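Listed here are the chains, written in short residue letters.
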Amino acid sequence: MKKGYLYIMLSTVLFSTMEISLKLVSGRFNPVQLTFIRFFIGGIVLLPLAMRNIKKREILFGLKNLKFFIMSGFICVVVSMLFYQLAVLDCKASIVAILFSCNPIFVIPLAYIMLNELVYKDTIISMILNVIGIIFIMNPFNMTSSVKGIVFTLLSAVTFALYGVIGKYKSKKYGGIVLSCFSFIMGSLEMFILIMISKISFVSLFFDKIGLKIFSDIPIIQGINSSTILALIYIGIFVTGLGYTFYFLAMDETSASIASLVFYIKPVLASIFALIILKEVITFNMIVGIALIAVGSCITFVFNSKRNSTVEEEDDQANFTA
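Residues numbered from 1 in each chain as written. Predicted model: local features only at pLDDT ≥ 70, side-chain atom pairs only at ≥ 80, totals over all residues. Heavy atoms only, no water.

### Thoughts on the overall build of the protein
Part 1 of the reasoning: Across its full length, the protein carries 15 helices and zero strands.
Part 2 of the reasoning: Relative to its length of 322 residues, the protein is compact, with a C-alpha radius of gyration of 20 Å against a globular reference of 20 Å.
Part 3 of the reasoning: Taking the principal axes of its C-alpha atoms as reference, the protein extends roughly 70 × 50 × 35 Å.
Part 4 of the reasoning: When each of the 322 residues of the protein is scored for burial, the buried share is 48%.
Part 5 of the reasoning: Taking as baseline every contact in the protein between residues at least 6 positions apart, the subset at least 24 positions apart corresponds to 86%.
Part 6 of the reasoning: Counting only carbon and sulfur atoms, one obtains 71% of the accessible surface of the protein, whose full area is about 16,100 Å².
Part 7 of the reasoning: Of the side chains in the protein, 25 bear a positive and 16 a negative charge, and the two mean positions are spaced by 6 Å. (Helix = DSSP H or I, 4+ residues; strand = E, 2+ residues; numbered from the N terminus. Rg over C-alpha atoms; globule rule 2.2 N^0.38 Å. Buried < 20%, exposed > 50% of the residue type's maximum accessible area, 1.4 Å probe, protein only. Contact = heavy atoms within 4.5 Å. Areas by Shrake-Rupley, 256 points an atom, 1.4 Å probe, with all protein chains shown as cover. Lys, Arg positive; Asp, Glu negative; His and termini not counted. Charge placed at Lys NZ, Arg CZ, Asp CG, Glu CD.)

See the structure below:
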């Protein structure tokens with residue numbers, strides 16, 4: 001258990017520096033290019049652990065598995081993480097970190113619609129507190145943050161929640177590490193195909209004409225030099241690769257509900273890092289918003305933990321009786 005909490009601490013710190021590290025290099029790389037690079041590296045870092053889990057679980061891959069990872073990679077990397085990178089480009093790193101950490105509130109209605117999962121009173125209360133917290137952070141009556149950046153962040157959070165919902169039952173078969181590893185690799189390969197398509201002259205010209213230059217003739221290695229290589233290594237290997245590795249190891253050592261503490265602590269820690277490194281001011285509205293989101297998250301954490309404990313006790317009793 002102690003090892004599990006160490007993994008939680010490591011993944012929390014790494015995930016909390018994600019927006020800051022991306023913000024520091026966002027002007028040096030095309031957003032599509034940077035998303036491709038970091039998830040390809042992250043997938044490769046996860047691969048040895050994923051292969052070990054495949055062998056342990058005796059998983060056999062076929063066409064059906066490939067189709068699933070093509071879909072999950074597209075939703076996670078191509079859609080969600082591209083919106084995320086665009087959000088970092090247009091919005092304060094602290095705002096992106098806080099709002100993206102609210103993605104679990106979008107899981108609740110999606111899981112209800114797609115998986116017929118029960119919605120409890122505590123989850124509704126948690127959702128309301130999170131939504132009020134988001135409104136405080138957005139501060140619609142005196143909005144100083146980029147509206148486009150906030151919209152991109154919320155779109156990223158919603159689509160990441162969708163990725164979580166479609167992968168929920170598959171993760172029981174594959175495990176979180178295998179699911180993330182192959183989703184990252186497939187998603188980055190799909191992104192590579194899009195990059196190559198963007199280099200076709202008429203495609204490049206089309207995106208130029210409609211004002212979407214970031215999708216025109218997307219570079220692959222441009223910008224990678226002695227001044228940016230360390231940042232790329234940190235983003236790809238540490239934040240994306242090791243961050244998710246420690247997170248899933250924390251799940252193995254503790255439980256999914258306890259490991260989710262990572263996303264409850266991240267908004268506060270990321271805001272502090274953004275203040276220290278990027279000199280981003282933490283406003284009163286942000287403090288109120290973070291507090292509301294933290295309370296909502298704590299309610300979810302406490303009640304989920306109780307429900308999981310009850311289920312485990314019932315399973316133990318059933319096994320004992322059998």
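Past the structure itself, the notes keep going.
### Describing the confidence of the model for the protein
Interpretation of the predicted coordinates at a detailed level should be avoided for regions scoring low in pLDDT.
Part 1 of the reasoning: When pLDDT is averaged across the protein, the result is 85; 92% of the residues are at 70 or more.
Part 2 of the reasoning: Across residues 318-322, confidence stays below pLDDT 50; counting only partners more than four residues off in sequence or on other chains, it has zero contacts. (pLDDT = per-residue confidence, 0-100.)

### Comments concerning the packing of helix H2 (residues 18-25) against helix H12 (residues 229-253)
Part 1 of the reasoning: It is the contact of H2 with H12, at a shortest axis distance of 10 Å, that shows an interaxial angle of 155°. Between H2 and H12, the angle falls in the class roughly antiparallel. Between H2 and H12 the crossing geometry is left-handed. Only Ala 231, Tyr 234, Ile 235 and Val 239 of H12 make contact with H2, whose side of the interface consists of Met 18, Ser 21, Leu 22 and Val 25.
Part 2 of the reasoning: In terms of residue class, the contact of H2 with H12 is built from seven nonpolar, one polar and no charged. (Axes fitted to C-alpha atoms, helices over the stretch in contact; angles between N-to-C directions. Parallel < 35°, antiparallel > 145°, perpendicular 65-115°, else oblique. Left-handed = near helix turned anticlockwise from the far one by under 90°. Nonpolar A, V, L, I, M, F, W, Y, C, P; charged D, E, K, R; others polar.)

### Describing the packing of aromatic side chains
Part 1 of the reasoning: Evaluated as defined, the whole model comprises 20 aromatic pairs.
Part 2 of the reasoning: Ring-pair connections join several aromatic residues into one group, and the members of that group are Phe 15, Phe 39, Phe 184, Tyr 244, Tyr 247 and Phe 248. (Phe/Tyr/Trp six-rings, centres within 6.5 Å; stacked < 30°, edge-to-face > 60°.)

### Concerning a nonpolar patch on the surface
Part 1 of the reasoning: A surface patch of nonpolar side chains, amounting to about 730 Å² of accessible area, comprises Tyr 112, Ile 113, Met 114, Val 119, Ile 124, Ile 128, Ile 132 and Phe 136.
Part 2 of the reasoning: Of all elements in the fold, only helix H6 (103-115) and helix H7 (121-138) reach the threshold of two or more residues within the nonpolar patch.
Part 3 of the reasoning: Topologically, Val 119 is positioned in the loop between H6 and H7.
Part 4 of the reasoning: Residue Val 119 is classed as partly exposed on the basis of its relative accessible area, which comes to 35%. (Patch = residues over 30% accessible without salt bridge, like charges linked within 9 Å, V, L, I, M, F, W, Y side chains within 5 Å. Salt bridge = Lys/Arg side-chain N within 4 Å of Asp/Glu carboxyl O.)

### Let's talk about the nonpolar core
Part 1 of the reasoning: By size, the foremost hydrophobic cluster in this structure holds 78 residues, and its most contacted members are Phe 69 and Tyr 84.
Part 2 of the reasoning: With eleven residues, helix H4 (residues 63-90) is the largest single contributor of residues to this core.
Part 3 of the reasoning: When neighbours within four sequence positions are excluded, Tyr 84 is seen to be in contact with Met 18, Glu 19, Leu 22, Arg 38, Val 96, Phe 100, Ser 156 and Lys 266. (Core = buried A, V, L, I, M, F, W, Y, C linked by side-chain atoms within 4.5 Å.)

### Describing the pattern of salt bridges
Part 1 of the reasoning: According to the stated counting rule, one finds four salt bridges in the structure shown.
Part 2 of the reasoning: Close ionic contact of Glu 19 with Lys 266 constitutes a salt bridge, the shortest N to O distance being 2.7 Å. Residue Glu 19 is located in helix H2, and its partner Lys 266 is located in helix H14 (residues 261-277); the two are separated by 247 residues in the primary sequence.
Part 3 of the reasoning: When its relative accessible area of 0% is taken as the criterion, Glu 19 is described as buried.
Part 4 of the reasoning: With its nearest N and O atoms 4.0 Å apart, the salt bridge here joins Asp 90 to Lys 148. Of this pair, Asp 90 sits in helix H4 while Lys 148 is found in helix H8 (residues 147-166), placing the two residues 58 residues apart along the sequence.
Part 5 of the reasoning: Given the relative accessible area of 29%, Asp 90 is considered partly exposed.

### Some thoughts on helix H1 (residues 2-16)
Part 1 of the reasoning: Compared with an ideal rise of 1.5 Å per residue, which puts 15 residues at 21 Å, H1 spans 21 Å between its outermost C-alpha atoms and is within 8% of the ideal.
Part 2 of the reasoning: Among the residues making up H1, those that are buried are Gly 4, Tyr 7, Ile 8, Ser 11, Thr 12, Leu 14, Phe 15 and Ser 16. (Expected span 1.5 Å × (residues − 1).)

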